[in-house]
Amino acid sequence: MAIDSTATHITEKEYRYWLCNIPGIGARKIAELLHYFGSGEEIWKSTEEALKTAMNQVSEGKILFRKEDFTSLQGAKETLNAAADAYHKLEEKGIRFITPDDRWYPERLRNLYDMPQGLYISGEIPGEKQERPTVAIVGARNCSHYGEEMAFTLARELCSRGVDIISGMALGIDGAAHRGALKAIEIVRGTARGQAETARGQTENAYYGKYQSYEREPSYSKESLSLKENSRLRES
């Protein structure tokens, strides 16, 4: 089925957004299809025969396409305009969608075998040439009090020493790490980098806007991490 999209004025970025929201079509499959067809637009315009041929040829190499993938992708062609509308709604909310073709795409991710074909950005991406190290702290939502306490304290101490903390912003360990980093920014107020307060405002609003019922300030302290508890952790 040949499809003409010239009347819809869809941009390549919108085609990429559409691709990244097709059920069952992940990063590697999108990358292989883009390599074969050259663009998201050409994938969308492809006939059923051309799409089947592409999937069969790609499947002989690095990645295996399933019959369900063909059905999913072919059926999703009807959702292109809806995807474009959703893309613009993101922009209205100040959320950017970037792909590996964008100069803002993090260089560290390009080394991944299955590097994400789309990222959603709110705020600023730290400069790739920055000297500040980064640490990701993630874990269980239904964590123990000790685990939550450790995540908060480690994040606070690392952040206060110039380490950027990456958190998934979920409840439990992720949220504790996030709050620990925010607490560190409070502690070093006046001596932190110029963007610290701006970053705190953006991040705190994003976190508490999502988890308004989870705003308790933990009473964690270094002293509460006793040697006995640390010994128990090592033994386990």
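Residues numbered from 1 in each chain as written. Predicted model: local features only at pLDDT ≥ 70, side-chain atom pairs only at ≥ 80, totals over all residues. Heavy atoms only, no water.

1. Brief notes about helix 5 (residues 67-76)
Consideration 1: All of the buried residues in helix 5 are Asp69, Phe70, Ser72, Leu73, Gln74 and Ala76.
Consideration 2: Among the structural elements, helix 1 (12-19), helix 2 (27-37), helix 3 (40-45), helix 4 (48-59) and helix 6 (80-92) are those in contact with the buried residues of helix 5. (Buried < 20%, exposed > 50% of the residue type's maximum accessible area, 1.4 Å probe, protein only. Helix = DSSP H or I, 4+ residues; strand = E, 2+ residues; numbered from the N terminus. Contact = heavy atoms within 4.5 Å.)

2. A closer look at the environment of threonine 134
Consideration 1: With respect to the helices, strands and loops of the structure, threonine 134 is situated in strand 3 (residues 134-136).
Consideration 2: Spatially, the C-alpha atom of threonine 134 lies 5.5 Å from that of valine 163, the residues being 29 residues apart in sequence.
Consideration 3: In this structure, threonine 134 is in contact with Arg108, Val163, Asp164 and Ile166, ignoring residues within four places of it in sequence.
Consideration 4: Within the structure, the side chain of threonine 134 is placed 3.2 Å from the side chain of arginine 108, a separation counted as a polar contact. (Polar contact = N/O pair within 3.5 Å; in protein donor to acceptor, adjacent residues only side chain to side chain.)

3. Some details on the packing of aromatic side chains
Any pair of aromatic rings gets described here by the distance separating the centres and the angle formed by the planes.
Consideration 1: For the coordinates displayed, the defined rule picks out seven aromatic pairs.
Consideration 2: Between tyrosine 36 and phenylalanine 37, the aromatic rings sit 5.0 Å apart at their centres with planes inclined by 70 degrees, giving edge-to-face as the arrangement.
Consideration 3: Taken together, Tyr17, Tyr87, Phe97 and Tyr120 form an aromatic cluster joined through their ring pairs.
Consideration 4: In this arrangement the basic side chain of arginine 28 is found over the ring face of tyrosine 113, its NZ or CZ atom lying 4.4 Å from the centre. (Phe/Tyr/Trp six-rings, centres within 6.5 Å; stacked < 30°, edge-to-face > 60°. Lys NZ or Arg CZ within 6 Å of the ring centre and 35° of its normal.)

4. Focus: the nonpolar core
Consideration 1: Counting 28 residues, the largest nonpolar core has Trp18, Leu19, Ile22, Leu33, Ile43, Leu51 and Leu73 as the members making the most contacts within it.
Consideration 2: Ranked by residues supplied to this core, first place goes to helix 6 with five residues.
Consideration 3: In contact with leucine 19, not counting residues within four places along its chain, are Ile25, Ile30, Leu34, Gly40 and Ile43.
Consideration 4: Core analysis: the next-biggest nonpolar cluster, separate from the first, contains 13 residues, Phe152, Cys159, Val163 and Ala176 among them. (Core = buried A, V, L, I, M, F, W, Y, C linked by side-chain atoms within 4.5 Å.)

5. Here we look at helix 6
Consideration 1: Here helix 6 is 13 residues long and its end C-alpha atoms lie 19 Å apart, about the 18 Å a rise of 1.5 Å per residue gives.
Consideration 2: In this structure, the buried residues of helix 6 make contact with helix 1, helix 3, helix 5, strand 1 (96-98) and strand 2 (119-121).
Consideration 3: Looking one or two places after helix 6, you find glycine 94, whose phi comes out positive at around 80 degrees. (Expected span 1.5 Å × (residues − 1).)

6. Looking at the side chain of arginine 28
Consideration 1: Structurally, the position occupied by arginine 28 is in helix 2.
Consideration 2: Separated by 3.1 Å, the side chain of arginine 28 and the backbone oxygen of tyrosine 113 make a polar contact.

7. Description of the pattern of salt bridges
Consideration 1: Under the criterion given, the structure shown has 12 salt bridges.
Consideration 2: For lysine 29, the salt bridge is made with aspartate 69, and the minimal N-O distance between the two is 2.7 Å. Of the two residues, lysine 29 is situated in helix 2 and aspartate 69 in helix 5; the sequence distance between them amounts to 40 residues. Across the pair, exposure class does not vary: lysine 29 and aspartate 69 are buried alike.
Consideration 3: A salt bridge links glutamate 148 to arginine 179; the nearest nitrogen and oxygen atoms lie 3.2 Å apart. Taken as a pair, glutamate 148 in helix 7 (residues 145-160) and arginine 179 in helix 8 (residues 173-187) lie far apart in primary sequence, 31 residues in all. Each member of the pair glutamate 148 and arginine 179 is classed as buried. (Salt bridge = Lys/Arg side-chain N within 4 Å of Asp/Glu carboxyl O.)

8. Some details on the packing of helix 4 against helix 5
Helix-helix packing: each pair is described by the crossing angle between the helix axes and the interaxial distance.
Consideration 1: In contact at an axis separation of 11 Å, helix 4 and helix 5 are set at 140 degrees when each is read in the N-to-C sense. The orientation of helix 4 with respect to helix 5, classified from their angle, is oblique. The handedness of the crossing between helix 4 and helix 5 is right-handed. Judged by residue contacts, Glu48, Leu51, Lys52 and Met55 of helix 4 engage Asp69, Phe70, Leu73 and Gln74 from helix 5.
Consideration 2: For the contact of helix 4 with helix 5, the per-class residue count stands at four nonpolar, one polar and three charged. (Axes fitted to C-alpha atoms, helices over the stretch in contact; angles between N-to-C directions. Parallel < 35°, antiparallel > 145°, perpendicular 65-115°, else oblique. Left-handed = near helix turned anticlockwise from the far one by under 90°. Nonpolar A, V, L, I, M, F, W, Y, C, P; charged D, E, K, R; others polar.)

9. Observations regarding the side chain of threonine 153
Consideration 1: Locating threonine 153 in the fold gives a position in helix 7.
Consideration 2: On the basis of relative accessible area, threonine 153 is assigned to the buried category, the value being 4%.
Consideration 3: A distance of 2.9 Å separates a polar side-chain atom of threonine 153 from the backbone oxygen of glutamate 149.

The quantities given are spatial measurements derived from coordinates; they are silent on function.
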